[in-house]
Amino acid sequence: MKEKFPKGAAWMNGQFIDISEAKISVLDWGFLRSDATYDVVHVWNKRFFRLDHHIDRFYASTKKLRMPCKIKRNELKSILAGCVKKAGFENSYVEMIQTRGMSPTFDRDPRKSVPRFIAFAIPFGWILEPKKINKGMDLAISKIKRISPDSVDPRVKNYHWLDLVNGMYEAYDRGHYTAVLIDENSNVLEGPGFNIFSVSSNKLITPDKGVLEGVTRQTAIDLAMEINIPVTKKSISTEEFKNSEEAFATSTAGGIIPITKIDGKVVGNGKVGEITQTIIELYWEKHNHPDWTEDINDLL
Ligand code: PLP
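Residues numbered from 1 in each chain as written. Predicted model: local features only at pLDDT ≥ 70, side-chain atom pairs only at ≥ 80, totals over all residues. Heavy atoms only, no water.

Observations regarding a positive patch on the surface
We count it as follows: To count toward a patch, a residue needs a relative accessible area above 30% and no salt bridge. Like charges then connect within 9 Å, nonpolar side chains (Val, Leu, Ile, Met, Phe, Trp, Tyr) within 5 Å. Using the Shrake-Rupley algorithm and a 1.4 Å probe, accessible areas are obtained, with residue cover drawn only from the displayed protein chains. By convention in these notes, a salt bridge is any Lys or Arg side-chain nitrogen within 4 Å of a carboxyl oxygen on Asp or Glu. For the charge count, each Lys or Arg is scored as positive and each Asp or Glu as negative, with His and the chain ends excluded. Positions of charges follow a simple convention, taking NZ of Lys, CZ of Arg, CG of Asp or CD of Glu. Helix and strand definitions here come from DSSP, where helices need a minimum of 4 consecutive H or I residues and strands a minimum of 2 consecutive E residues; each element is numbered from the N-terminal end. Summary of the burial criterion: residues with accessible area below 20% of their type's maximum are buried, those above 50% are exposed, and those between are partly exposed, where the area comes from a 1.4 Å probe applied to protein chains only.
Taken together, the side chains of Lys131, Lys132, Lys135 and Lys261 define a basic patch exposed on the protein surface. Structurally, Lys135 can be placed in the loop between β6 (114–123) and β7 (137–145). Residue Lys135 is classed as exposed on the basis of its relative accessible area of 68%.

What follows is the structure in structure tokens.
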């Protein structure tokens, strides 16, 4: 069967190419060992949202994995903008990846590998389609534990997704939309591609550890501060999460996403909460603001 590709463009080996041509060797450690890190930033109306936050996280991740990205910030920005420009997108999902690569002699020592950098732009993707936002997500609390942060640091954005994908299947089997995974003490952590927040008594809480420090999570915190809503980072037990007055997820793939049902229990009155709604509106307002965004044409 011929593979079908979305519209898109990539940058590899010093060139911009069509997404259908962006291929790596099966011997790359990124493929064989999930030995890679990546970041995803979005473009909305031709403007990157909080691009420096994503680039800072990407540089920190490549450094922690001992393969620091050698591409300088300005060049990196122009590569990412170039992918969006080549694909002709107004709204886009833009990914930068660094894999361990492979050693010319296929040595087992990771230090002998030559890291590989790839970037690509594809159409913007949503965890929950805008037409379903008002209904919110029906979330399962998975029985699956997130990979221990003592084994794989979740702050390094990674492709170790077998726990998250198994969680999605478990949620589908139980009739839910998606799932949030738990830690060894059954505290809720994060889901496939999103962080979570619980809202009660006009306060926000989000897990302090064991999760990716999402750029949208930070954005929700920054927006809450703007409207004088206190935010605490701490563990959230399953019961506390289920008893939230409001709840939402955060992700580059769609922003602030209401959660209206948790493990079969309706959250609040089952509608998108008031604080959640305010943060959603502020989030999208910031997408035209020069302090929060950069025009792709200024970066080329
Ligand atoms: N948690 C995980 C495991 C993720 O993969 C992601 C994004 O892909 C997030 C949280 C949300 O992070 P961000 O807001 O930076 O997109």
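Quick notes on the pairing of strand β11 (residues 194–200)
Spelled out, the test is: Two strands qualify as a pair provided that DSSP identifies no fewer than 2 bridges between them.
For β11, a buried count of six out of seven residues is recorded, marking the element as mostly surrounded by other parts of the structure. Here strand β10 (residues 190–191) pairs with β11 via two bridges, running antiparallel. Residue pairing across strands places Gly191 opposite Phe194, the latter belonging to β11. Counting the residues between successive antiparallel strands, the hairpin from β10 to β11 contains two residues, one of them, Gly193, with a positive phi of roughly 95 degrees. Where β11 meets strand β15 (residues 246–251), five bridges bridge the pair, whose relative direction is antiparallel. Each residue of the ladder has a partner; that of Asn195, found in β15, is Thr250. Remark: two residues form the turn of the hairpin made by β11 and strand β12 (residues 203–206), two consecutive strands paired antiparallel; Ser201 in that turn has positive phi of roughly 50 degrees.

Overview of the site of the ligand
Worth spelling out the cut-off: Being near a molecule or strand, for a residue, comes down to having at least one heavy atom within 4 Å of it. Contacts described as polar in this section are N or O atom pairs within 3.5 Å, which, within protein, must combine one atom able to donate a hydrogen with one able to accept it, while residues neighboring in sequence count only if both atoms come from side chains. Polar here means any residue outside two lists: the nonpolar Ala, Val, Leu, Ile, Met, Phe, Trp, Tyr, Cys and Pro, and the charged Asp, Glu, Lys and Arg; Gly therefore counts as polar.
Around the ligand sit 16 residues, and of these Lys157, Glu190, Val215, Thr216 and Thr252 come closest. Separating an oxygen atom of the ligand from a side-chain N or O atom of Lys157 is a distance of 2.5 Å. For the ligand, whose unbound accessible area comes to 390 Å², protein coverage reaches 93%. Looking at the shell around the ligand, the elements that each hand over two or more residues are β10, β11, α5 (215–226) and β15. Across the shell around the ligand, the residue classes break down as four nonpolar, eight polar and four charged.

Some remarks on the packing of aromatic side chains
Each aromatic ring pair is described using two quantities: the centre-to-centre distance and the angle formed by the ring planes. Using the following cut-off: Pairing of aromatic side chains here covers Phe, Tyr and the six-membered ring of Trp, requires ring centres within 6.5 Å, and sorts the geometry by plane angle: under 30 degrees stacked, over 60 edge-to-face, intermediate tilted.
Scanning the entire structure with this criterion turns up 13 aromatic pairs. Residues Tyr38 and Tyr159 carry aromatic rings whose centres are separated by 4.3 Å and whose planes lie at 15 degrees to one another, so their mutual orientation is stacked. One end of the pair, Tyr38, is in strand β3 (residues 36–44); the other, Tyr159, is in the loop between β7 and α4 (162–173), with 121 residues separating them in the sequence. Classification of Tyr38 as buried rests on a relative accessible area of 6%.

Considerations on the sheet that holds strand β4 (residues 47–49)
Selection rule: A fitted line through C-alpha atoms represents every axis, and for helices the fit uses only the stretch in contact; the resulting angles, taken between N-to-C directions, go from 0 to 180 degrees.
Pairing is antiparallel across the open sheet formed by seven strands, whose spatial order is β2-β1-β6-β5-β3-β4-β18. The two strands at the open ends of the sheet, each matched to only one other strand, are β2 (15–18) and β18 (293–295). With strand direction ignored, the average angle separating the axes of adjacent strands in the sheet is 25 degrees. By the bridge criterion, nine bridges tie strand β5 (residues 92–102) to β6 in an arrangement that is antiparallel. Within the sheet, the bridge partner assigned to Met96 lies in β6 and is Ala119.

Observations concerning the environment of Val41
Structurally, Val41 is set in strand β3. Expressed as a C-alpha distance, the spacing of Val41 and Ala121, which sit 80 residues apart in the sequence, is 9.6 Å.

Considerations on the nonpolar core
Just so we agree on the cut-off: The term nonpolar core refers to a set of buried residues drawn from Ala, Val, Leu, Ile, Met, Phe, Trp, Tyr and Cys, joined through side-chain atoms within 4.5 Å.
By size, the foremost hydrophobic cluster in this structure holds 26 residues, and its most contacted members are Phe48, Leu76, Leu80, Val84, Val94 and Phe117. Of all the secondary structure elements, the ones that give two or more residues to this core are β1 (9–12), β3, α2 (51–64), α3 (73–87), β5 and β6. In this structure, Ile141, Val180, Val188 and Ile236 belong to the second largest nonpolar core, which totals 21 residues.

Focus on the domain arrangement of the protein
Basically, it comes down to this: What fixes the domain bounds is an automatic or database domain assignment. By convention, the term buried area covers the 1.4 Å-probe accessible surface removed from two parts as they join, with the contributions of both added.
Considered domain by domain, the protein is made up of domain 1 (9–123) and domain 2 (130–287). Here domain 1 and domain 2 have C-alpha centroids that lie 26 Å from each other. For the pair domain 1 and domain 2, the summed buried area comes to about 1900 Å², and 61% of that belongs to carbon and sulfur atoms. Contact with domain 2 buries area across many residues of domain 1, yet Tyr38, Phe49 and Arg57 alone supply 35% of it, more than any other trio. At the boundary of domain 1 and domain 2, one finds two salt bridges.

Thoughts on the side chain of Arg100
Applicable threshold: Two residues qualify as a contact provided that any one of their heavy atoms is within 4.5 Å of a heavy atom in the partner residue.
Mapped onto the secondary structure, Arg100 falls in strand β5. Exposure remark for Arg100: the relative accessible area of 11% places this residue in the buried category. Setting aside its immediate chain neighbours within four residues, Arg100 contacts Asp28, Trp29, Gly30, Asp35, Leu65, Arg66, Met67, Pro110, Ser113, Val114 and Pro115.

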